[in-house]
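Survey of secondary and tertiary structure
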Amino acid sequence: MSLRFKNFCNLKYEGGLSQIKNIKNSIKLSANESALGPSKKAISAFVKESKKLSKYPDGNSNILIQSISKNLKLNPNNIIIGNGSDEIISLACQLFLKPNDEVIVTEYSFLMYRIYTKTHGGKVITASEDNFKADISSILAKVTNKTKIVFLANPNNPTGTYLDKNEMLLLRKKLRNNILLVVDDAYFEFVIKKDYISGLDLFKNYNNVLITRSFSKIHGLASLRLGWGYGPKNIISGMKLIKPPFNVNSAAQVAGTESLSDKNWLKKI
Ligand SMILES: *Cc1c(COP(=O)(O)O)cnc(C)c1O
């Protein structure tokens, strides 16, 4: 008899490729990495941390939680740090999904929503978009009594479209209360439209919305794998219970902390 393993997922993430040959100093854009790199302060913190590599990192990433909490005036109990926002997406699926639970994603959405949904036994339901933009009525039409989570990146990658403040509020209002809305804020810093508001600013007091944020894009720290989640205390506590004990390395923790406070650098980017 051969070994049997659970085989929920048949998708694999392929990072953005660089196909250009024979051109010097080309800038790769296909993974949305920062062309300008991280803050100098983040780099110094990283180098300094290299002297302590024999120690385990702080499993709660307290230094970074405190800095996020102070910078954005958020309650630390509502914050969890992840190995990339990727890990927050995974933990949300792990915490919520039972076999055959349904997760709604939009047509051209981040592949990781689908991969983690499947990995954790859920079923991916795809809502069509309207001219490459998430479509609220199409999302709502896909809701069944098995729907557990709706994932939405706002603005979205790779389409670059966004739902405005009123559309986001309408979506939350029309979704059943016991469906978790996950708003992926990975690119919120890049939108300057007046009718746009980040998931965090819009939903921070909601009991059924989880926000993800990333240090991979504007902070230029993709390699360190650093992101965070903000949500109601019960969900954040639940995720903290099941996360790996040392999920975020110490170099990422200190570099992220420095980057957050380097306001001039972020503004420049
Ligand atoms: C790049 C990206 C992220 C960031 O993921 P990390 O795990 O934090 O590197 C999240 N969501 C979307 C839609 C992205 O394009």
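All of the points below concern the structure found in this document.

Reading the values: rules and limits
Residues numbered from 1 in each chain as written. Predicted model: local features only at pLDDT ≥ 70, side-chain atom pairs only at ≥ 80, totals over all residues. Heavy atoms only, no water. Axes fitted to C-alpha atoms, helices over the stretch in contact; angles between N-to-C directions. Helix = DSSP H or I, 4+ residues; strand = E, 2+ residues; numbered from the N terminus. Parallel < 35°, antiparallel > 145°, perpendicular 65-115°, else oblique. Contact = heavy atoms within 4.5 Å. Buried < 20%, exposed > 50% of the residue type's maximum accessible area, 1.4 Å probe, protein only. Pairing = 2+ DSSP bridges. Patch = residues over 30% accessible without salt bridge, like charges linked within 9 Å, V, L, I, M, F, W, Y side chains within 5 Å. Areas by Shrake-Rupley, 256 points an atom, 1.4 Å probe, with all protein chains shown as cover. Salt bridge = Lys/Arg side-chain N within 4 Å of Asp/Glu carboxyl O. Near = heavy atom within 4 Å. Polar contact = N/O pair within 3.5 Å; in protein donor to acceptor, adjacent residues only side chain to side chain. Core = buried A, V, L, I, M, F, W, Y, C linked by side-chain atoms within 4.5 Å. Left-handed = near helix turned anticlockwise from the far one by under 90°. Nonpolar A, V, L, I, M, F, W, Y, C, P; charged D, E, K, R; others polar.

Examining the packing of helix α3 (residues 85-96) against helix α8 (residues 233-242)
Running from N to C, α3 and α8 cross one another at 100°; their axes reach a closest spacing of 10 Å. One way to sum up the angle between α3 and α8 is to call them roughly perpendicular. In this structure, α3 uses Ile88, Leu91, Ala92, Gln94, Leu95 and Phe96 to contact α8, whose residues at the interface are Ile235, Gly238, Met239 and Ile242.

Focus on the pairing of strand β2 (residues 102-106)
The buried fraction of β2 amounts to 5 of the 5 residues, a majority that puts the element mostly inside the structure. The two faces of β2 match: Glu102, Ile104 and Thr106 on one face and Val103 and Val105 on the other face are all buried. The pairing of β2 with strand β3 (residues 123-127) spans 5 bridges and is parallel. The partner of Val105 across the bridge, within β3, is Thr126. When β2 meets strand β4 (residues 147-153), the two strands line up parallel, connected through 3 bridges. Bridged to Val103 within β4 is Ile149.

Section: a nonpolar patch on the surface
Taken together, Ile43, Phe46 and Val47 make up a surface patch of nonpolar side chains, about 250 Å² in accessible area. When you line up the elements, Ile43 lands in helix α1 (residues 40-49).

Things to note about unusual backbone geometry
A cis geometry characterises the amide bond from Asn154 onward to Pro155, with omega recorded as 0°. Tracing the backbone shows Pro155 in the loop between β4 and α6 (165-174). Cis geometry marks the peptide bond from Asn157 to Pro158; its omega dihedral reads 10°. Looking at where Pro158 falls in the secondary structure, it is placed in the loop between β4 and α6.

Thoughts on the site of the ligand
Around the ligand, the surrounding shell consists of Gly84, Ser85, Asp86, Phe110, Asn157, Asp184, Ala186, Tyr187, Ser214, Ser216, Lys217 and Arg225. Here a nitrogen atom of the ligand and a side-chain polar atom of Asp184 are 2.6 Å apart. Lys217 is positioned with one of its side-chain polar atoms (N or O) 3.3 Å from an oxygen atom of the ligand. Contact with the protein chains removes 93% of the 390 Å² of surface that the ligand exposes when unbound.

Some points on the nonpolar core
The biggest cluster of nonpolar side chains holds 37 residues, and the ones touching the most others in it are Ile68, Ile79, Ile81, Leu181, Phe203 and Trp228. The next biggest cluster of nonpolar side chains, apart from the first, holds 22 residues, and it includes Ile80, Ile115, Ala153 and Ile235.

Focus on the packing of α3 against helix α4 (residues 111-119)
Put simply, α3 and α4 touch, their axes get as near as 9 Å, and they point 35° apart. The element α3 and its partner α4 pack so that their crossing is right-handed. On α4, the residues that touch Asp86, Ile89, Ser90 and Cys93 of α3 are Met112, Tyr113, Tyr116 and Thr117. Looking at the contact of α3 with α4 residue by residue, the classes come out as 5 nonpolar, 2 polar and 1 charged.

Some thoughts on the sheet that holds β3
Pairing in this open sheet of 7 strands is mixed, and the strands run β1-β7-β6-β5-β4-β2-β3 from one edge to the other. Sheet topology places β1 (79-82) and β3 at the edges, where each strand pairs with a single neighbour. Ignoring which end each strand starts from, the neighbouring axes of this sheet average 20° apart. Contacts from helix α2 (residues 62-72) reach β1, β6 (209-214) and β7 (227-230) within the one sheet, and its direction differs from that of β1 by about 130°. Taken strand by strand, α6 contacts β4, β5 (180-184) and β6, and its axis lies near 155° from that of β5.

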